[in-house]
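Fold and geometry: a report
Next come the chains, spelled out residue by residue.
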Amino acid sequence: MTDHTPPVTGYPAPPPPNGYAHPYPAPNGHPHPYQPNHYFNVAGPPPYPNHQRATFLRRIFAGLIGTIIIIGTIFFIIWLVLRPQLPQFRVQTLTLTNFTLTSNSMISGTWTAGLTVRNPNSKITLHYFDIQAAVFYKSSSIAVTNLPPFVQGKKNETSVRATLVAVSDYFDGWKGIDRERGRGMVEFNLRMVGRVGFKASGWWTRRRVLRVYCPGLGVRVEANGTGGLLSGGGKACGVGV
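We now turn to the structure provided with this report. None of the values given here were measured: they were computed from a predicted structure.

**Description of the state of the cysteines**
All chains considered together, the criterion is met by one disulfide. Note on cysteine connectivity: Cys214 is disulfide-linked to Cys237, with sulfurs 2.0 Å apart. Linking Cys214 and Cys237, the disulfide has an S-S dihedral of approximately 105° and is accordingly described as right-handed. In this pair, Cys214 is assigned in strand S9 (residues 208-220) and Cys237 in the loop between strand S11 (235-236) and strand S12 (238-240), connecting sequence segments 23 residues apart. For the residue pair Cys214 and Cys237, the accessibility class agrees, reading buried in each case.

The following block contains the structure:
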């Protein structure tokens, strides 16, 4: 058989130094045998902890908003069903006795007020606490007293009596009272402050501050008289919480 392999021409390659083989040729694009390590150039892992924390906070915030909406809806429905109304106060009588007024700004007297308090609610009971009553001349207080607590049933009307006493108390507005007494009529104001709670079955509201203002209570007093009665019949009072 005839060998068709072409003859090899040229000189043989020199042996490798120290007996080691030549390194393999570098891959295309890198002329040197060292290949760069791209591991350290890869971006770090995404911030999963921060993302999870933000999601957790959003869920808490959404839960709080949902809870507030639910509670508000419940109270709104209760309000629609019960429709709580403020009590109604009215001064029926006001009697002044033992009244004296001196030029050295001393005042004495006993003011006895008879009031009716009406609960207009058909489904709510009213509870009154810490009630304080005061009689005023214009904006100056003359005498103060405390009233006992009481409970008022549904659609109930309750009579309340308040007795206010001043005994030789200093009063800066005595000149105004003296002028009005000279005309036969002195106007006093009655104010009350307390707390009221609304109760319907097992449902309670928190106690609210109750303010009652009864202005323009004209009492007929003679020029040198020591007493008088409310003029013009009963007077309705303003009520607020």
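**Focus on the packing of aromatic side chains**
Tallied over the full model, the rule gives five aromatic pairs. Taking 6.3 Å as the distance between ring centres and 75° as the angle between the ring planes, the aromatic pair formed by Phe99 and Trp111 counts as edge-to-face. Here the residue Phe99 occupies a position in strand S1 (residues 88-101), and Trp111 occupies one in strand S2 (residues 106-118), the gap between them amounting to twelve residues. As far as the burial class goes, Phe99 and Trp111 line up, both buried. Ring centres 6.5 Å apart and planes at 75° place the aromatic pair Tyr137 and Phe171 in the edge-to-face group. One end of the pair, Tyr137, is in strand S3 (residues 125-137); the other, Phe171, is in the loop between strand S6 (157-170) and helix H2 (174-182), with 34 residues separating them in the sequence. Like Phe171, Tyr137 is buried. Among the aromatic residues, ring-to-ring pairing joins Phe89, Tyr128 and Phe150 into one connected group. A cation over an aromatic ring shows up here: Arg191 above the ring of Phe136, its NZ or CZ 4.3 Å from the ring centre. For the cation-ring pair, Arg207 lies above Phe129, with the distance from its terminal atom to the ring centre recorded as 3.6 Å.

**Examining the environment of Asn146**
Along the polypeptide, Asn146 turns up in strand S4 (residues 140-147). Given the relative accessible area of 57%, Asn146 is considered exposed. C-alpha of Asn146 to C-alpha of Ala162: the two residues are 16 residues apart in sequence and 8.1 Å apart in space. With residues near it in sequence (within four places) discarded, Asn146 still touches Ile131 and Gln132.

The rules behind each value
Residues numbered from 1 in each chain as written. Predicted model: local features only at pLDDT ≥ 70, side-chain atom pairs only at ≥ 80, totals over all residues. Heavy atoms only, no water. Disulfide = S-S within 2.5 Å. Helix = DSSP H or I, 4+ residues; strand = E, 2+ residues; numbered from the N terminus. Buried < 20%, exposed > 50% of the residue type's maximum accessible area, 1.4 Å probe, protein only. Phe/Tyr/Trp six-rings, centres within 6.5 Å; stacked < 30°, edge-to-face > 60°. Lys NZ or Arg CZ within 6 Å of the ring centre and 35° of its normal. Contact = heavy atoms within 4.5 Å.

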